[in-house]
Amino acid sequence: QVQLVESGGGLVQPGGSLRLSCVASGFTFSRYGLSWYRQASGKERELVAAITSAGGTTNYADSIKGRFTISRDNAKNTVYLQMNSLKPEDTAVYYCNAELNLSGRWNDYWGQGTQVTVSS
């Protein structure tokens, strides 16, 4: 059973930092790329950052380039999102995502999300 469990969200002032974590289980973590998405109230879910299986390649949304860093620790089955210089517009629920091929077809798996609120 695939599980993705996010943590690390909270309330932070503009300019502050947070580190999100996503612990995965139920699949061979090191074989798959992973992503972070976010969804602000009233808006569609959007891709924030993605990382390949070995961590050698990362991609970022233009809105967070230079401020956020995605990384992973395959020994701990964990993917991280370091968020610096946070802005009020970063306020959203952040989701961990894995696109997995476990039984001959690709499916998307999501965590429950963690709320990030940037406000003074």
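Here, every reference points to the structure presented above.
These numbers were taken from a predicted model, which means no experiment stands behind them.

### Here's the deal with the overall build of the protein
- What the protein contains, in helices and strands, is 0 helices and 11 strands.
- Listing every helix and strand of the protein by position from the N terminus yields β-β-β-β-β-β-β-β-β-β-β.
- Radius of gyration (C-alpha) of the protein: 14 Å, near the 14 Å computed for a compact globule of 120 residues.
- Taking the principal axes of the C-alpha coordinates as reference, the protein spans close to 45 × 30 × 25 Å.
- Residues counted as buried form 38% of the 120 residues belonging to the protein.
- When contacts within the protein are restricted to residue pairs at least 6 apart in sequence, long-range pairs at least 24 apart make up 53% of them.
- Of the roughly 6,400 Å² of accessible surface on the protein, a fraction of 43% belongs to carbon and sulfur atoms.
- Of the side chains in the protein, 11 bear a positive and 9 a negative charge, and the two mean positions are spaced by 5 Å.

### Comments concerning the environment of T78
- Take T78: it is sitting in strand β8 (residues 78-83).
- Along the backbone, T78 and F68 are 10 residues apart, and their C-alpha atoms lie at a distance of 17 Å.
- Apart from the residues within four sequence positions on either side, T78 is in contact with S21, C22, V23, F29, S71, R72 and D73.
- Polar contacts involving the side chain of T78 include one to the main-chain carbonyl oxygen of K76, which spans 2.8 Å.

### Quick look at the state of the cysteines
- Scanning the model with the defined rule gives 1 disulfide in all.
- Linked covalently through their sulfurs, C22 and C96 form a disulfide whose S-S length is 2.2 Å. Looking down the S-S bond of the C22 and C96 bridge, the torsion is -80°, so its handedness is left-handed. Highlighted residues: C22 in strand β3 (residues 18-25) and C96 in strand β9 (residues 92-101), separated in sequence by 74 residues. The two residues C22 and C96 agree in class, both being buried.

Here is what the cut-offs are and how they apply
Sequence order sets the numbering: in each chain, residues are counted from 1 along the sequence as written. A pLDDT threshold of at least 70 governs which residues receive local features in this predicted model, and a stricter bar of 80 or more applies before side-chain atom pairs are shown or counted, although totals over entire chains, interfaces and linings include all residues. The basis for every side-chain value is the complete set of heavy atoms in the structure, and neither hydrogens nor water enter the calculation. Runs of H or I in DSSP of at least four residues are treated as helices and runs of E of at least two as strands, each being numbered from the N terminus. Radius of gyration: over C-alpha atoms. The globule rule applied is 2.2 Å multiplied by the number of residues raised to the 0.38 power. Exposure is judged per residue with a 1.4 Å probe applied to protein chains only, and the accessible area is read against the type maximum: over 50% gives exposed, under 20% gives buried, and values in between give partly exposed. What makes two residues a contact is simply this: any of their non-hydrogen atoms within 4.5 Å. Residue exposure ignores everything except the shown protein chains as possible cover, and the areas themselves are Shrake-Rupley values with a 1.4 Å probe. Two residue types count as positive, namely Lys and Arg, and two as negative, namely Asp and Glu; His and chain ends fall outside the count. Where a charge lies is defined by one atom per residue type, namely NZ (Lys), CZ (Arg), CG (Asp) and CD (Glu). For the purposes of these results, a polar contact is taken to be a pair of N or O atoms within 3.5 Å, where, inside protein, one atom must be able to donate a hydrogen and its partner to accept one; residues adjacent in sequence count only when each atom of the pair is a side-chain atom. For this text, the term disulfide refers to a pair of cysteine sulfurs within 2.5 Å.

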